[in-house]
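# Architecture at a glance
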Amino acid sequence: GLQARYRGYSALLTIGSTNELSPTAALNRRSQDREPRMQTIGLVDDHELVLGALAERLARISGIGLVITAKSVPELLERFAKADATHRAPNLVLLDLRLADGTRPRTNVEQLTALGAHVLAYTSGEDVGLLREAVHANVLGVISKREPVTAVIDAVQRALSGEVVASTDWAA
């Protein structure tokens, strides 16, 4: 299900809610107000608690119009297509590198960047091989799951403005 919470015309979409709201309604309202397109963020992680908590915080950032969560890249793209019919992918995707569906970071990053999304690797950093694979696939940066939420938000804001997000994890 979808859980929506409005602040202006920002929508928060998360997994497993009982409240139903058409994502199209949020987009129609935004189009009617003739505002410039707000930034969109995708979160891909197979830990639902991480998704919900991070989506909640990101939805509060000024300029973020839509946060979509999913447990895999195909699920994210399917949800995004239902929420935003005019764009092929979110502006930015925070991507966990180890997903339950077994997909490789390179495959996921290449699929997202081919559709125009920037990708931040969001990782525990335990597997240096996965991290290297993501970096070689041209992620915009790497942010550790061990970082405080304020550092994650700062990294997202920098990435949305086109900055490379360097960290000590990237040096691995």
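Let us look at the structure shown here. (Residues numbered from 1 in each chain as written. Predicted model: local features only at pLDDT ≥ 70, side-chain atom pairs only at ≥ 80, totals over all residues. Heavy atoms only, no water.)

### Side note on the environment of Asp154
As a reminder of what qualifies: Helix and strand assignments come from DSSP, with helices taken as H or I runs of at least 4 residues and strands as E runs of at least 2, each series counted from the N terminus.
In this structure, Asp154 sits in helix α6 (residues 149–160). Remark: the alpha-carbon pair of Asp154 and Val165, spanning 11 residues in sequence, is separated by 9.4 Å.

### Focus on the environment of Asp45
Selection criterion: Three labels apply to residues, based on accessible area from a 1.4 Å probe with only protein chains included: buried if under 20% of the type maximum, exposed if over 50%, partly exposed otherwise in between. Any two residues whose heavy atoms approach within 4.5 Å are treated as being in contact. Any N or O atom pair separated by 3.5 Å or less is treated as a polar contact, with the protein-specific requirement of one donor-capable and one acceptor-capable atom, and with residues adjacent in sequence counted only for side-chain atom pairs.
Mapping Asp45 onto the fold places it in the loop between β2 (39–44) and α2 (48–58). The buried category is assigned to Asp45, whose relative accessible area is 2%. Ignoring any residue separated from it by four or fewer positions in sequence, one finds Asp45 in contact with Val50, Leu51, Ala70, Lys71, Asp96, Leu99, Tyr122 and Lys145. Side chain to side chain, Asp45 and Lys145 meet in a polar contact 2.8 Å long.

### Focus: the environment of Arg106
Positionally, Arg106 belongs in helix α4 (residues 105–114). What makes Arg106 partly exposed here is its relative accessible area of 34%. Through-space distance from the C-alpha of Arg106 to that of Glu133 is 5.8 Å; in sequence the pair is 27 residues apart.

### A word on the side chain of Asn108
Mapped onto the elements of the fold, Asn108 is located in helix α4. Separated by 2.8 Å, the side chains of Asn108 and Thr103 make a polar contact. Contacts of Asn108, omitting those with residues within four sequence positions, involve Val73, Leu95, Leu99 and Thr103.

### So, α4
Convention followed: The directions considered for the arc are those from the helix axis to the C-beta atoms.
Every buried residue of α4 is accounted for by Pro105, Asn108, Val109 and Leu112. Angular distribution of buried residues about the axis of α4 spans 95°; they occupy a single face of the element. On its buried side, α4 packs onto α3 (73–83), β4 (92–95), β5 (118–123) and α5 (128–136). Gly116 sits one or two residues past α4 and shows a positive phi near 100°.

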